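# Descriptive analysis of the structure
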Amino acid sequence: MATKHEQIIQYIETLPVGEKLSVRTIAKNLNMSEGTAYRAIKDAENIGLVSTIERVGTIRIERKSKDNIETLTFGQICKIIDGDILGGKKGLDKTLSKFIIGAMQREAMERYISPGSLMIVGNRNDIQEFALEKGAAVLITGGFDTDDGIVHLADQVEMPILRTTYDTFTVATMINRAMTDQLIKKEIMLVEDIYTPIDETKFLSLDDTVFQYRNLNTVSTHSRFPIVNHNMRLVGIITAKDILGKADTLSLERVMTRDPIVAKTHMSVASVAHRMIWDGLEVMPVVKDNLQLLGIISRQDVMKAMQLAQRQPQVGNTIEDQVVENLSLTSSEEGDSLPAYRFRITPQMTNSLGTVSFGVLSEVLASTTKKILYTLQKRNAVIEQMDIYQLKMIQIDSVIEIRSKILELGRRSSKLDVEVYLENSLVSKAIVICQLMEKS
């Protein structure tokens, strides 16, 4: 039987797109407490079933697949620009395909406007009307108002007309940044992308015995299995070590490991990899918030996914990407066993004093360390700890050189001594400890 939380989620899924909902209404319709309704609505927002828009309220939206995460809805655009909605509220859930700045003659605009686009314009009512007629949404900058006829047209064609106090350049920059952020999110691989679902997962019940574990172990050739109760909620995990020397008739409840470490579908694969390496885990159960078993994720799955991610082309540039792009290999001093790298400090990388930002310096050292370890062993690294000492200030436009020495290198971890030189003078030093991911 579904929990109250699950019943509310299922109820929300039955609502038509665009329907307004509230905590009080749901609590009343389903005869539940407002606290339960509030938590369920917040969960529904997290999984993309509803969206809360200022001055509109919470509405049912069409859930977007991860493949379409790079698209933004007009409702999301309204939030980004701190805007308000003048008309066309039924179109808030529609997605933005592109935006056009209305800084040209009407005849020249026609070739650029298409259904699903967004026309960014000031108080040019003729262009606002023209865009709506072509199936585009309208964003009025500068805080200007519009005619009642245009608002009526927006309602009629179900395309939103938004207003913001920002200028055109500012809102274009904000929207462009938001679209880039969405692309970066799309590139981040999540547990939901790679885990083995429940219908392909071997698991055991709380009432099963050691004998049944041994049978499943023989048939499947696996040695680690989640254990669930009669409601399919995870209660433990069983491994070959747990049943060593135990009688066949013994209940698994007596020998299982309780409260195992679990993964959720929204977690990044990188964070799960970090936990698996740190705790020496081969398998992690994947569960819902109520611990209902969804499947499992194995260390082998994670490592293959991390290897694949390294080979994917970058679409959105993160700060780490920008740092790595500016790292260039330089000839090492004679006798050095590790490669050295050169890096230029650009104006955007400095603080208010004109010296390198501490965050940029730490990212440079982290990126260099990971590149060195990958060069040495073809293995990805996760930074566990980094102690940085700045001995001298590093000025704007300086070209620094990063040299490294291996202090420890094991199967799962490494420690490096990283030094930063400016014109052969030591200006910074760091001790970096990393976890190493296994080769897939």
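Residues numbered from 1 in each chain as written. Predicted model: local features only at pLDDT ≥ 70, side-chain atom pairs only at ≥ 80, totals over all residues. Heavy atoms only, no water.

### Digging into the overall build of the protein chain
Scanning the protein chain from terminus to terminus reveals 15 helices and 21 strands. For the protein chain, the share of sequence-separated contacts (at least 6 apart) that also reach a separation of at least 24 residues comes to 56%. Taken as a whole, the protein chain presents about 23400 Å² of accessible surface, with 49% of it coming from carbon and sulfur. (Helix = DSSP H or I, 4+ residues; strand = E, 2+ residues; numbered from the N terminus. Contact = heavy atoms within 4.5 Å. Areas by Shrake-Rupley, 256 points an atom, 1.4 Å probe, with all protein chains shown as cover.)

### Some thoughts on the sheet that holds strand β14 (residues 283–287)
If you walk across this open sheet you meet the 3 strands as β9-β15-β14, and the pairing is antiparallel. Two strands lie at the open edges of the sheet, namely β9 (196–197) and β14, each paired on one side alone. For β14 and strand β15 (residues 293–298), the ladder comprises 5 bridges, and the chain directions are antiparallel. Across the sheet, Met284 pairs through a bridge with Ile297, a residue of β15. (Pairing = 2+ DSSP bridges.)

### Let's talk about unusual backbone geometry
With phi around 70°, Leu291 is a residue other than glycine that occupies positive phi space. Relative accessible area serves as the criterion here: at 36%, Leu291 is assigned to the partly exposed category. We note that Asn424 has phi near 65°; this positive angle belongs to a residue other than glycine. Residue position: Asn424 is located in the loop between β20 (413–422) and β21 (425–436). (Buried < 20%, exposed > 50% of the residue type's maximum accessible area, 1.4 Å probe, protein only.)

### Some remarks on helix α7 (residues 148–157)
Those residues of α7 that sit buried are Ile150, Val151, Leu153 and Ala154. Around the axis of α7, the buried residues are gathered within 160° of arc, so they sit on the same side. Of the exposed residues in α7, those oriented more than 90 degrees away from the buried face are Asp148, His152 and Gln156. Directly after α7, the chain includes Glu158, whose backbone phi takes a positive value near 55°. (Arc of directions from axis to C-beta.)

### Let's talk about the sheet that holds β20
In spatial order, the strands read β16-β17-β19-β20-β21-β18; together these 6 strands make up an open sheet with antiparallel pairing. Single-partner strands in this sheet number two, and they are β16 (328–330) and β18 (381–390). Adjacent strand axes in the sheet meet at a mean angle of 30° when their direction is disregarded. Here β18 pairs with β21 via 9 bridges, running antiparallel. Bridging across to β21, Ala381 finds its partner in Leu436. Across the sheet, helix α12 (residues 269–279) touches β18 and β21, and the angle it forms with β21 is around 80°. Against the sheet, helix α15 (residues 358–377) touches β17 (340–344), β18, β19 (399–409), β20 and β21, its axis set at about 130° to β18. (Axes fitted to C-alpha atoms, helices over the stretch in contact; angles between N-to-C directions.)

### Observations concerning the packing of aromatic side chains
With the rule as written, the count across this model stands at 1 aromatic pair. Measuring from centroid to centroid gives 5.6 Å for Tyr213 and Phe225, while their planes differ by 75°, and the two rings are edge-to-face. In this pair, Tyr213 is assigned in helix α10 (residues 210–220) and Phe225 in strand β11 (residues 225–228), connecting sequence segments 12 residues apart. Accessibility expressed as a relative area gives 1% for Phe225, which makes it buried. The ring of Tyr421 has Arg403 lying over it, and the distance from NZ or CZ to the ring centre is 4.0 Å. (Phe/Tyr/Trp six-rings, centres within 6.5 Å; stacked < 30°, edge-to-face > 60°. Lys NZ or Arg CZ within 6 Å of the ring centre and 35° of its normal.)

### Here we look at a negative patch on the surface
A surface patch of negative charge is lined by Asp126, Glu129, Glu133, Asp147 and Asp148. Examined against the element boundaries, Glu129 turns out to sit in helix α6 (residues 125–133). (Patch = residues over 30% accessible without salt bridge, like charges linked within 9 Å, V, L, I, M, F, W, Y side chains within 5 Å. Salt bridge = Lys/Arg side-chain N within 4 Å of Asp/Glu carboxyl O. Lys, Arg positive; Asp, Glu negative; His and termini not counted. Charge placed at Lys NZ, Arg CZ, Asp CG, Glu CD.)

### Things to note about the confidence of the model for the protein chain
Model confidence for the protein chain is summarised by a mean pLDDT of 84, while 89% of its residues fall at 70 or above. Below pLDDT 50 for its whole length, residues 65–70 participates in 13 contacts with residues either more than four positions away or in separate chains. Across residues 311–316, confidence stays below pLDDT 50; counting only partners more than four residues off in sequence or on other chains, it has 10 contacts. (pLDDT = per-residue confidence, 0-100.)

### Here we look at the nonpolar core
By size, the foremost hydrophobic cluster in this structure holds 35 residues, and its most contacted members are Leu118, Met119, Leu139 and Ile175. For this core, the elements supplying multiple residues, two or more each, are α4 (74–80), β4 (84–87), β6 (118–121), α6, β7 (137–140), α7, β8 (161–163) and α8 (168–187). The contact partners of Leu118, leaving out residues within four places of it in the chain, are Phe74, Ile77, Leu96, Lys98, Phe99, Ile100, Ala137, Val138, Leu139 and Ile175. (Core = buried A, V, L, I, M, F, W, Y, C linked by side-chain atoms within 4.5 Å.)

### Description of the environment of Ile372
Tracing the backbone through its elements, the reader meets Ile372 in helix α15. Residue class for Ile372 comes out buried when judged on its relative accessible area of 0%. Separated by 34 residues in sequence, Ile372 and Leu338 have C-alpha atoms that sit 7.3 Å apart. The contact partners of Ile372, leaving out residues within four places of it in the chain, are Leu338, Pro339, Tyr341, Ser404 and Leu416.

### Here's the deal with the pairing of β14
Among the 5 residues in β14, 5 count as buried, and that is most of the element. Here β14 shows a buried face lined by Val283, Pro285 and Val287 and a second buried face lined by Met284 and Val286.

### Re the pattern of salt bridges
According to the stated counting rule, one finds 12 salt bridges in the structure shown. Of the charged contacts in the structure, one is a salt bridge between Lys134 and Glu110, with a shortest N-O distance of 3.2 Å. Taken together, the residues span a long stretch of sequence, with Lys134 in the loop between α6 and β7 and Glu110 in the loop between α5 (106–109) and β6 at a distance of 24 residues. Accessibility expressed as a relative area gives 33% for Lys134, which makes it partly exposed. Residue classification places Glu110 among the partly exposed residues on the basis of a relative accessible area of 41%. In this structure, the salt-bridge partner of Lys429 is Glu419, at a minimum N-O distance of 2.9 Å. Separated by 10 residues along the polypeptide, Lys429 in strand β21 and Glu419 in strand β20 bring together distant segments of the chain. The partly exposed category is assigned to Lys429, whose relative accessible area is 25%. Sharing partners across several salt bridges, the network here consists of Asp84, Asp145 and Arg163.

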